[in-house]
Amino acid sequence: MRLLVLGGTRFLSHAVAAEGVRRGFDVVCAARGESGRVPGGAQLVKVDRDAEDGLDALSGDFDAVVDVARLSYSWVRRAVDTLGGRAGHWTFVSSISAYADHSTVSDELLPPREEDDVQELYGNIKVASENAVLAAIPDAFILRSGLITGPGDGSDRFGYWPARMARGGRVAVPEVDQPMSYVDTRDLAMWIVDAAVNGLKGTFDGNGPAVPLGELLRGIADAVGTEVELVPVPEPVLVEQKIAPWSGPRSLPLWLPEDFRLMGARDAGPALAAGLTPRPLADAVAGALAHERALGLDRERKAGLTPEEETDLLAAL
């Protein structure tokens, strides 16, 4: 199989390319080549997706194309215009952020916006990108990913928890009634490559089964294996102490605000039936913790509490 990965140098696209190489495929990665290296055994073709002719360096036909374009409608449109007629199978990685209402488990989508690089319109851009793909390739595989974890994760969200549990001691956790799900990047990559091999088509949410957040955090602590005491902090105390949900400075990751409380509750059943196979939590935690250790457990983070902030929060109880 000749597999084209639009990307291939970071996180999910790198994992997809690595999985293709592992299976002995002819893997071509199309990227600038500035944000990382492609996996050993893959070929890098340097492209500039900001240019109208930026994909012209790609020659020949491909049995499958995987596009993980994050925040650019133009990238997606140009890709299907340039390569759609030369691809046997097409995967576009979208996001559950495409859904309009995360306070319920609704299938209503946001209005499409044909924009580039506007973070506030992330979900809208994903919807417009999905539309562009399906207009050109009706049999495409659209994967609306949930929270992706594992080696290469740069968000610090899931990874904060294994890193924090590894330090041991009293751990502040949000006391909220909220489900949460995740998917390891390696499992998602395996499913994407399987989809290419098997010709999977249709739109799926790409996440594992949802569990109560408290149960997930307890499972992470057990998987890490250090001696910890999980200290539930009521939501009013978190708000009073100006702790942010989800991500960013002075935050508790995976805690979702009220308007997004069911974002992690999307039904994993269709994806599981279509071949997504989540690894055990212990394996996902081990991969995330190894990545955290490689980055440095004491580094400045994009999400989570510093030890000092956590001490102050626990004192406020």
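It should be noted that the structure appears before, not after, this text.
Fair warning: this is a prediction, and the values are worked out from it, not measured in the lab.

Q: Is there a simple way to think about the sheet that holds strand 1 (residues 2-6) in this case?
A: Pairing between the strands of a sheet comes from backbone hydrogen bonds, and it takes one of two forms, parallel or antiparallel. Strand order in the open sheet made by the seven strands is 3-2-1-4-5-6-11, with parallel pairing throughout. Edge positions in the sheet fall to strand 3 (43-46) and strand 11 (202-206), since each has one partner strand and no second. Adjacent strand axes in the sheet meet at a mean angle of 20 degrees, parallel and antiparallel pairs treated alike. Contacts from helix 2 (residues 73-83) reach strand 1, strand 4 (64-67) and strand 5 (90-95) within the one sheet, and its direction differs from that of strand 5 by about 170 degrees.

Q: Could you clarify how one ought to interpret the pattern of salt bridges in this entry?
A: Any two side chains of opposite charge can pair if their charged atoms end up close together. For the structure shown, the criterion picks out 28 salt bridges. One salt bridge connects arginine 49 with aspartate 67, and the closest N-O pair in it is separated by 2.9 Å. On the criterion of sequence distance, the pair formed by arginine 49 in the loop between strand 3 and strand 4 and aspartate 67 in strand 4 is long-range, its members being 18 residues apart. Here arginine 49 falls in the buried class, since its relative accessible area comes to 7%. The residue arginine 266 makes a salt bridge to aspartate 205 at a minimum N-O spacing of 3.1 Å. Placement of the pair is arginine 266 in the loop between strand 16 (251-253) and helix 8 (269-273) and aspartate 205 in strand 11, with a sequence separation of 61 residues. Aspartate 205 carries the same exposure label as arginine 266, and that label is buried. Taken together, the shared-partner salt bridges connect Glu19, Arg22, Arg23 and Asp194 into one network.

Q: Is there a simple way to explain the packing of helix 4 (residues 157-167) against helix 9 (residues 281-295) in this structure?
A: The relative placement of two packed helices comes down to the angle between their axes together with the axis-to-axis distance. Running from amino to carboxyl end, helix 4 crosses helix 9 at an angle of 80 degrees, the nearest separation of the two axes being 9 Å. As judged from the angle between their axes, helix 4 and helix 9 are roughly perpendicular. Every residue of helix 9 that contacts helix 4 at Phe158, Gly159, Tyr160, Pro162, Ala163 and Ala166 is listed here: Leu281, Val285, Ala288, Leu289, Glu292 and Arg293.

Q: For this particular structure, what's the right way to read the nonpolar core?
A: For soluble globular proteins, nonpolar side chains are generally found buried alongside one another. Membership of the largest hydrophobic core comes to 39 residues, with the highest contact counts inside it found for Trp161, Ile220 and Leu254. Of all elements in the fold, only helix 4, strand 8 (169-175), helix 6 (213-224), strand 13 (228-234), helix 7 (235-240), helix 9 and helix 10 (307-316) reach the threshold of two or more residues within this core. Considering each element in turn, this core owes the most residues, six residues, to helix 6. Residue contacts for isoleucine 220: discarding those within four places in its chain leaves Phe158, Trp161, Pro162, Met165, Leu281 and Val285. Counting residues in each nonpolar core, the second largest holds 30 residues, with Val5, Trp191, Ala195 and Phe204 among its members.

Q: So what exactly am I meant to see when it comes to the pairing of strand 1 here?
A: Sheet faces and side chains relate simply in a regular strand, where the side chains alternate between the two faces. Most of strand 1 sits inside the fold, with four of its five residues counted as buried. Where strand 1 lies against strand 2 (residues 26-31), five bridges are found, and the strand directions are parallel. When the sheet's bridge partners are listed, arginine 2 is paired in strand 2 with aspartate 26. Following the chain from strand 1 across helix 1 (residues 11-22) to the adjacent parallel strand 2, one finds a crossover that is right-handed. Taken together, the four bridges between strand 1 and strand 4 define a ladder with parallel strand orientation. The residue of strand 4 that forms the bridge with leucine 4 is valine 65.

Q: Would you explain unusual backbone geometry in this entry?
A: The general pattern is negative phi for most residues beyond glycine and trans for most peptide bonds. Despite not being glycine, lysine 242 shows a phi value in the positive range, around 60 degrees. Mapped onto the fold, lysine 242 is located in the loop between helix 7 and strand 14 (244-246). A relative accessible area of 67% places lysine 242 in the exposed class.

Q: Help me understand the packing of helix 4 against helix 6 in this model?
A: Interhelical geometry of helix 4 versus helix 6 gives an angle of 50 degrees and a closest axis separation of 9 Å. Between helix 4 and helix 6, the interaxial angle falls into the category oblique. Helix 4 and helix 6 meet at a crossing whose hand is right-handed. Counted together, Phe158, Trp161, Pro162, Met165 and Ala166 of helix 4 and Leu217, Ile220, Ala221 and Val224 of helix 6 form the full contact between these two elements. Split by residue class, the contact of helix 4 with helix 6 holds nine nonpolar, no polar and no charged.

Parameters and conventions
- Residues numbered from 1 in each chain as written.
- Predicted model: local features only at pLDDT ≥ 70, side-chain atom pairs only at ≥ 80, totals over all residues.
- Heavy atoms only, no water.
- Pairing = 2+ DSSP bridges.
- Helix = DSSP H or I, 4+ residues; strand = E, 2+ residues; numbered from the N terminus.
- Axes fitted to C-alpha atoms, helices over the stretch in contact; angles between N-to-C directions.
- Contact = heavy atoms within 4.5 Å.
- Salt bridge = Lys/Arg side-chain N within 4 Å of Asp/Glu carboxyl O.
- Buried < 20%, exposed > 50% of the residue type's maximum accessible area, 1.4 Å probe, protein only.
- Parallel < 35°, antiparallel > 145°, perpendicular 65-115°, else oblique.
- Core = buried A, V, L, I, M, F, W, Y, C linked by side-chain atoms within 4.5 Å.
- Right-handed = clockwise from strand over helix to strand, strands pointing away.
- Left-handed = near helix turned anticlockwise from the far one by under 90°.
- Nonpolar A, V, L, I, M, F, W, Y, C, P; charged D, E, K, R; others polar.

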